[in-house]
Amino acid sequence: MEESIFEKVYQERLEERIIAYISECKKIPFQEAMDLYYNSYLADKIATGSYGMQYLDYKVLAQLILQTIQSSATE
């Protein structure tokens, strides 16, 4: 498999796992979790591979997103 194709498939699967984990943690529908993910500041960084973030564990990334959501809600 060509490396660029592998990276794209990996990226899509990573986003799917992050969204599913957010949905599970917050006990919200997948669609709502999807909105939270794609509106988070980390979504773009993960998609572009900034700082190698796409190689972190999906649970760690989801927790970072949830923390930033909670932080911005309390401000």
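All values derive from a computational prediction rather than experimental measurement.

About the thresholds
Residues numbered from 1 in each chain as written. Predicted model: local features only at pLDDT ≥ 70, side-chain atom pairs only at ≥ 80, totals over all residues. Heavy atoms only, no water. Helix = DSSP H or I, 4+ residues; strand = E, 2+ residues; numbered from the N terminus. Rg over C-alpha atoms; globule rule 2.2 N^0.38 Å. Buried < 20%, exposed > 50% of the residue type's maximum accessible area, 1.4 Å probe, protein only. Contact = heavy atoms within 4.5 Å. Areas by Shrake-Rupley, 256 points an atom, 1.4 Å probe, with all protein chains shown as cover. Phe/Tyr/Trp six-rings, centres within 6.5 Å; stacked < 30°, edge-to-face > 60°. Salt bridge = Lys/Arg side-chain N within 4 Å of Asp/Glu carboxyl O.

Draft legend 1. Spatial organisation of the overall build of the protein. The helix and strand tally for the protein stands at 4 helices and 0 strands. Of the regular secondary structure in the protein, the N- to C-terminal order runs α-α-α-α. Against the globule reference of 11 Å for 75 residues, the protein gives a C-alpha radius of gyration of 13 Å, in line with a compact fold. A total of 75 residues make up the protein; the buried ones form 29% of that total. Within the protein, residue pairs in contact and separated by at least 24 positions form 51% of the contacts whose partners lie at least 6 positions apart. Total accessible area on the protein stands at roughly 5100 Å², and carbon and sulfur atoms take up 53% of it.

Draft legend 2. Main features of the packing of aromatic side chains. Taken as a whole, this structure holds 3 aromatic pairs when the rule is applied. Centroid distance Y21 to Y58: 5.9 Å. Interplanar angle 90 degrees. Geometry classified as edge-to-face. With Y21 in helix α1 (residues 3-26) and Y58 in helix α4 (residues 58-74), this residue pair connects regions lying 37 residues apart in the sequence. Classification of Y58 by relative accessible area gives partly exposed; the value is 24%. Residues Y37 and Y38 carry aromatic rings whose centres are separated by 4.8 Å and whose planes lie at 75 degrees to one another, so their mutual orientation is edge-to-face. Judged by its relative accessible area of 45%, Y38 falls in the partly exposed class.

Draft legend 3. Main features of the pattern of salt bridges. Tallied over the full model, the rule gives 2 salt bridges. The salt bridge partner of E12 is K8, with a shortest N-O separation of 3.9 Å. Remark: K8 and E12 occur in helix α1; sequence separation between them is 4 residues, near one turn of the helix. Here E12 falls in the partly exposed class, since its relative accessible area comes to 45%. Residues E16 and R13 are paired through a salt bridge, measuring 3.0 Å at the closest nitrogen-oxygen approach. Residue E16 and its partner R13 are located together in helix α1, separated by 3 residues, close to a single helical turn.

Draft legend 4. Structural context of the environment of D35. Position of D35 among the secondary structure elements: in helix α2 (residues 30-38). As for D35 and T74, which are separated by 39 residues in sequence, their C-alpha atoms are 19 Å apart.

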